[in-house]
Each structure stands twice: as C-alpha cells, then as structure tokens.
Amino acid sequence: MKITIQTQPISGMKPGTSGLRKKVTVFQQPHYLANFVASIFAAVKPEGGFTGKTLVVGGDGRYFNLEAIQVVLRMAAAQGFARVLVGQHGILSTPAASCVIRKYKAFGGIILSASHNSGGPEGDFGIKFNGDNGGPAPEKITDAIYEYSTHITAYDMVEAADVDVGRIGMHTVGDMTVEVIDSVVDYQELMQQLFDFDVLRAFFKSGFTMKFDAMHAVTGPYAHAIFEDALGAAKGTVMNGTPSPDFNGHHPDPNLVHAKELYDIMMGEHAPDFGAASDGDGDRNLIIGRDMFVSPSDSLAVLAANATCAPAYAKGLAGVARSMPTSGAVDRVAAALGVECFETPTGWKFFGNLLDAGRITLCGEESAGTGSDHVREKDGVWAVLLWISILAKRRMSVVDIMKEHWATYGRNYYTRHDYEEVETEAANSVMNHIKAQLPTLVGQSLGGLKVAAADDFSYLDPIDGSVSNNQGLRVVFEGGSRIVYRLSGTGTSGATIRVYIERYEADPALHDLDTQVALSGLIAIANDFSQIAQKTGRLQPTVIT
Ligand code: G16
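Along each chain, numbering runs from 1 in the same order as the chain's sequence is written. With the structure being a predicted model, the display of local features is reserved for residues of pLDDT at least 70 and the display and counting of side-chain atom pairs for 80 or more, all residues being used for whole-chain, interface and lining totals. Side-chain numbers here rest on the full set of heavy atoms in the structure, without hydrogens or water.

**Some remarks on the overall build of the protein**
Here's step 1: The helix count covers DSSP runs of H or I at least four residues long, the strand count covers runs of E at least two residues long, and both are numbered beginning at the N terminus. Across its full length, the protein carries 18 helices and 27 strands.
Here's step 2: C-alpha atoms define the radius of gyration in this analysis, and the globule rule sets the expected value at 2.2 Å times the number of residues to the power 0.38. Its C-alpha atoms give the protein a radius of gyration of 23 Å, near enough to 24 Å, the size a compact globule of 545 residues would have.
Here's step 3: Across its three principal directions, the C-alpha atoms of the protein cover 70 × 60 × 40 Å.
Here's step 4: Any pair of residues with heavy atoms lying within 4.5 Å of one another is described as a contacting pair. A sequence separation of at least 24 residues applies to 72% of the contacts in the protein between residues at least 6 apart.
Here's step 5: Values of accessible area rely on a 1.4 Å probe in the Shrake-Rupley scheme; residue burial ignores everything except the protein chains shown. Carbon and sulfur atoms form 50% of the exposed surface of the protein, whose accessible area is close to 20300 Å².
Here's step 6: Of the charged side chains in the protein, 45 are positive and 61 negative, and the gap between their average positions amounts to 3 Å. Working convention for charge: Lys and Arg count positive, Asp and Glu count negative, and His plus the chain ends are omitted. Lysine's charge is taken at NZ, arginine's at CZ, aspartate's at CG and glutamate's at CD.

And the structure:
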C-alpha cells in the first residue's frame with residue numbers, strides 16, 4: 001500500500017563535487033534520507049513518470065547502506081518503477097553501477113557511497129544519482145535536486161517488508177520487481193571485453209607479481225574475482241579484500257597516508273613488481289611501482305601515451321580530458337598524439353558530455369581517478385588492468401616506464417597539499433584573501449616568479465554550452481608553473497583547502513628530484529601568498545600527495 005508521509009525541508013542538502021555527503025548521524029535523522037531521495041525523484045521524473053522504467057541501486061557496503069537501500073526501494077516502488085536491480089548485499093562499486101546502468105539500459109541509478117571518506121556509525125555516508133548514460137548527474141540536475149529539497153512537504157512510500165538483498169534472484173516490493181544481481185559478473189564481463197585476459201594471465205604465469213590493496217572496501221570481491229581467480233595472480237595478491245561497513249576502522253582513501261601499508265610493502269626489500277590500491281567505492285586508484293609512487297596526473301599521462309597496449313584502445317584515442325587542477329602532463333601526450341585535450345572543472349560529472357559525444361576516450365584527475373569511455377565513472381580496477389596491460393606489452397618496470405615517459409615528454413613535478421577539517425570561516429577567509437588579489441596580480445612578481453595569469457576558473461561545456469563558475473583560483477607564472485587553490489566539495493566536517501602545485505622540467509638530468517624538493521620554491525610562494533598559516537593556524541598540510 002502506498003502511503004504519503006508529511007515532511008518539511010531540511011537545510012544543507014546541496015550536493016557537492018559528487019552527490020550529498022554527510023555524517024551517518026545526519027542521514028539517520030528522521031526524514032533526512034527520504035527527503036533527499038524524494039528530491040532526486042522529483043528532479044529527474046520524466047513527463048510520463050517512471051512507469052516501466054528500471055532503476056539500479058548499489059553502494060560501497062558502508063555502514064547504513066543496507067537500511068538506506070530499503071528506504072530507496074520502498075520509495076522507488078511508490079514512484080511506479082517497474083524494476084530495480086540491486087547488487088547482492090547492496091554492493092556495487094561505483095564503476096560497476098555505471099556499467100550495470102548502461103548494460104541494462106536503466107533509467108538511472110542511485111549510488112550509496114561516500115567514496116574515500118571514513119565509514120562506521122561515526123563516519124560518513126553519501127548518495128548520488130547517475131543518469132542513463134551511467135554517469136553522475138550534471139549540475140543542472142543536482143541544482144534541481146537541491147531546489148526541491150528546499151520546499152519539499154511530503155513524500156510517498158510503499159509499505160512492504162524488507163527485501164533480502166543477500167539472496168540473488170527476484171523479489172517484490174508492492175508492484176515493483178526487485179532483482180538482486182551478482183555484484184561482480186557484469187563488470188568482469190566488461191573488463192574481459194576491454195583487455196586481453198589471456199595475455200594478462202600469461203604475464204602473471206611468467207612471474208609478474210602484484211599487491212592490490214582493497215582497503216577493506218568495495219573492490220575486494222572484484223579484485224579477488226578478476227586478479228586472482230580469472231588472471232591467476234597468486235592468492236594473497238589482494239590484501240584487505242573483505243568489505244567491511246567501517247573499513248575495519250581505516251580510511252579507504254588510496255593515498256600515501258592511508259595506503260601506507262601498501263606503500264611500505266612497495267618500498268621494502270621483497271616488493272612485488274606492481275602495487276595498486278582502490279578506495280571505498282572502487283573508482284579511485286593509487287599506482288605504486290617497486291620503489292616509486294606514480295602521481296595520479298603522471299598515471300593519466302602514461303595511460304594515454306600507452307593505451308594502445310590494450311585491445312580496447314588499439315585504434316588510438318579520440319581525445320583526452322583532465323580536471324583543471326590535474327597536471328598538464330597529459331596535455332603533452334595529447335599534443336604528441338595530435339588529439340584534443342580538454343580541461344574541465346573538478347568532478348567526474350564534467351567528463352560525461354565529452355565521453356557521450358565521443359570527443360574523448362580517456363580522462364582523469366589528480367584526485368587518483370582515471371577512466372575511459374567504457375563507463376561514465378572513474379574506475380580503479382580498470383586503471384590497474386590497463387597498467388598491467390602496458391607492463392605486459394612493454395616488459396619494463398614501472399620505474400623505467402616513468403623515466404622513459406619523462407625523457408620523452410618532460411616531467412611535470414606535481415603535488416597537492418590538503419588542509420583538512422579547517423574551520424569553515426578560516427578557510428573562506430583564505431580563499432577570499434587570494435581572490436581579492438587576483439585582479440591585480442598579472443605582471444607582479446611572487447618569490448621571484450612573474451605572474452602570467454590569475455583567475456577564478458570558469459568552464460564552458462563545449463557540448464551543451466553550460467557554464468560553471470568559481471571552479472578554483474589559479475595563479476600561473478611565466479614558464480607555466482602554477483598554483484591552484486580550491487575548497488574540496490567532498491568533505492563533511494569543516495572545510496578542506498586543497499593547494500595544487502606544479503612545475504614543468506624539460507631537462508632529463510633534473511627528473512630524479514624528490515617532488516617536494518623540486519617544488520619547494522613554489523610551495524613557499526603558495527604558503528606566503530595565501531597566508532594559510534596565519535589565517536588557519538595550520539603550519540603543515542594534513543596530507544601531501
Ligand atoms: C569525487 C569526484 C572527483 C573529484 C573528487 C575530489 O571523487 O568524483 O571528480 O576529483 O571527488 O573532489 P574534491 O576535491 O572536491 O574533494 P570521489 O572519489 O570522492 O567520488
């Protein structure tokens with residue numbers, strides 16, 4: 001039976017870089033989740049309603065996922081959806097959800113994840129809507145969701161018992177069919193179409209070794225099935241491979257702080273040939289060679305330069321794209337390949353139109369995300385498979401691949417300094433301070449470097465003509481070095497200031513410097529100019545990548 005529940009608007013439901021992310025305790029408040037789900041349905045409802053349509057629901061298995069799924073199912077039934085596909089135990093990695101939406105031609109999907117944020121009762125939860133292309137809803141839809149949330153008065157639900165999402169097969173909620181599907185099979189099948197599993201299996205058989213850190217998060221089942229079972233990697237290749245609602249008390253963020261266990265293995269005496277990690281929902285990746293961390297921006301450039309090593313990309317790339325704060329390393333590859341390179345704002349949703357239009361094949365971000373036109377999300381396991389395909393074909397170590405890459409294209413030294421959980425007012429004061437100086441900066445000298453350009457990045461989408469303003473403050477110096485300041489749109493407490501620092505070095509004799517040393521001059525300028533220490537009291541970044 002359908003019931004209508006009275007509610008009222010709850011403030012703060014504006015989606016950030018990737019959906020709505022809040023503390024679990026916030027989502028547990030009465031009506032909170034339902035208000036947001038109702039706002040999603042209101043914002044995306046087609047003229048004829050949802051009758052006959054399919055919705056995909058899945059998440060990264062974090063705390064509160066299972067409760068949230070039951071709410072989404074009851075509300076979807078009340079909206080008239082014909083069918084919902086749910087990953088078993090509520091599990092679908094974000095790229096797998098994108099794959100399932102596309103494969104089954106669903107109307108869209110609701111993904112329950114707070115990505116790399118911590119989990120558990122005191123941790124974070126998140127929810128976002130992806131459209132029928134499998135990609136995150138564009139800004140005009142997230143704006144409409146928010147708008148509806150500010151004047152919602154009621155929402156509908158079907159009264160029904162919980163669905164046993166542990167049992168694969170058909171279930172019902174009211175008149176709606178709920179099909180619980182294997183979380184891995186469809187995704188694995190897609191990977192088998194893109195990569196030559198025979199070649200990769202032979203590569204592992206020939207002695208290639210790897211560690212994949214699933215960080216107790218969603219990629220465990222995918223990594224076990226693909227790397228160990230299908231490709232024959234030794235048991236134990238996948239570490240921390242059982243998803244846990246609180247990520248075993250860890251922070252599933254594949255960076256050098258939170259993936260330190262993997263990092264230490266890769267820097268140790270008996271390091272395997274290749275190391276990788278993925279995040280809470282399986283879309284990010286961290287790549288570490290024996291004795292060498294590969295920055296995400298460099299990883300994107302290497303994947304673009306060597307993509308033809310995998311069957312799916314053998315014919316070459318249509319074009320590439322990167323988010324604005326990502327280093328320009330991939331731009332150099334695109335120029336050499338003679339393909340277009342686009343610079344978009346931070347957020348995977350901005351790649352969607354370019355991918356749909358066939359203008360780009362590969363894209364990526366400094367925030368440890370790379371992906372291609374196979375789905376409309378970044379994809380951690382895919383990135384690892386492409387890396388292994390390159391290593392299998394080139395028969396070189398990660399270190400040698402990187403050295404050769406830099407010798408060919410030059411090296412974009414790159415680092416990101418994060419100041420996490422800064423008091424919002426202090427963070428705003430830093431950003432306002434920088435912004436106020438931008439109009440008069442060009443021509444001035446900062447720490448001996450002359451400013452060539454300074455602005456607040458705006459993006460004009462070349463496909464649909466939409467404009468996104470306020471996407472990051474840029475200070476570009478003569479010679480191309482630059483500093484970018486942004487406030488993160490994915491945190492849940494206070495504000496996170498991100499400072500992105502980049503310098504290009506053409507001289508191969510200078511390609512082996514420590515990144516922080518190579519960038520020390522610019523780092524000092526970035527700190528001085530922004531007055532972060534004075535305004536926030538923070539003398540050091542929380543995380544350096
Ligand atoms: C999300 C977005 C990415 C973005 C990242 C960091 O990733 O999909 O496009 O680069 O957040 O965003 P911010 O700098 O605003 O924190 P994920 O993996 O968290 O879904």
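**Observations regarding the pattern of salt bridges**
Here's step 1: In what follows, salt bridge is the name for a side-chain nitrogen of Lys or Arg lying within 4 Å of a carboxyl oxygen of Asp or Glu. Counted under the stated rule, the structure contains 30 salt bridges.
Here's step 2: Across the salt bridge formed by D60 and R62, the nearest N and O atoms sit 2.9 Å from each other.
Here's step 3: Accessible area is worked out with a 1.4 Å probe on protein chains only. A residue is then buried under 20% of its type maximum, exposed over 50%, and partly exposed in between. In this structure D60 comes out as buried when scored by relative accessible area, which is 1%.
Here's step 4: A salt bridge links E502 to R482; its shortest N-O distance comes to 2.9 Å. Highlighted residues: E502 in strand β26 (residues 495-505) and R482 in strand β25 (residues 482-487), separated in sequence by 20 residues.

**Focus on the site of the ligand**
Here's step 1: Around the ligand lies a shell of 19 residues, among which T17, E365, S488, T490 and R498 are the nearest.
Here's step 2: Polar contact is defined as a pair of N or O atoms within 3.5 Å, subject to the rule that within protein one atom must be able to donate a hydrogen and the other to accept it, and that residues adjacent in sequence are counted only when both atoms are side-chain atoms. H116 places a side-chain nitrogen or oxygen 3.0 Å from an oxygen atom of the ligand.
Here's step 3: Here an oxygen atom of the ligand and a side-chain polar atom of T490 are 2.5 Å apart.
Here's step 4: When isolated, the ligand has an accessible area of 460 Å², and the protein chains bury 99% of it.
Here's step 5: In this structure, the ligand is accommodated by the largest cavity.
Here's step 6: Classes in brief: Ala, Val, Leu, Ile, Met, Phe, Trp, Tyr, Cys and Pro nonpolar; Asp, Glu, Lys and Arg charged; the others, Gly included, polar. When the residues that make up the shell around the ligand are grouped by side-chain class, the tally is one nonpolar, ten polar and eight charged. The rule for a residue being near a molecule or strand is that one of its heavy atoms must lie within 4 Å of it. Buried and open spaces are told apart on a 1 Å grid over the protein atoms alone, a cavity being a set of points where a 1.4 Å probe fits but cannot get out and a pocket being an open set with protein on both sides within 12 Å along at least five of seven lines. Residues with an atom within 4 Å of a point are the lining residues. Being in a pocket or cavity means that more than half of the molecule's atoms lie within 2 Å of its grid points.

**Comments concerning the UniProt feature "domain: Alpha-D-phosphohexomutase alpha/beta/alpha" (unreviewed entry) in the protein**
Here's step 1: UniProt positions are given in the numbering used here, feature names are shortened, and annotations may be inferred rather than shown by experiment. In the numbering used here, UniProt assigns the "domain: Alpha-D-phosphohexomutase alpha/beta/alpha" (unreviewed entry) feature to residues 13-154, 187-288 and 297-409.
Here's step 2: Structurally, residues 13-154 comprises 37% helix and 23% strand, and the distance from its first C-alpha atom to its last is 16 Å.

**As for empty space enclosed by the protein**
Here's step 1: Grid points are joined across faces, edges and corners, and a volume is the space filled by probe spheres set on the points. This model, assessed by the stated rule, comprises three cavities of 30 Å³ or more.
Here's step 2: Approximately 230 Å³ is the volume found for the largest cavity.
Here's step 3: Lining the largest cavity are 22 residues, and of these T17, R284, S367, K378 and T490 sit closest to its centre.
Here's step 4: Its residues placed into classes, the lining of the largest cavity shows one nonpolar, nine polar and twelve charged.
Here's step 5: Mapped by element, the contributors of at least two residues to the lining of the second largest cavity are α2 (32-44), β6 (124-130) and α5 (139-149).
Here's step 6: When the residues that make up the lining of the second largest cavity are grouped by side-chain class, the tally is seven nonpolar, five polar and two charged.

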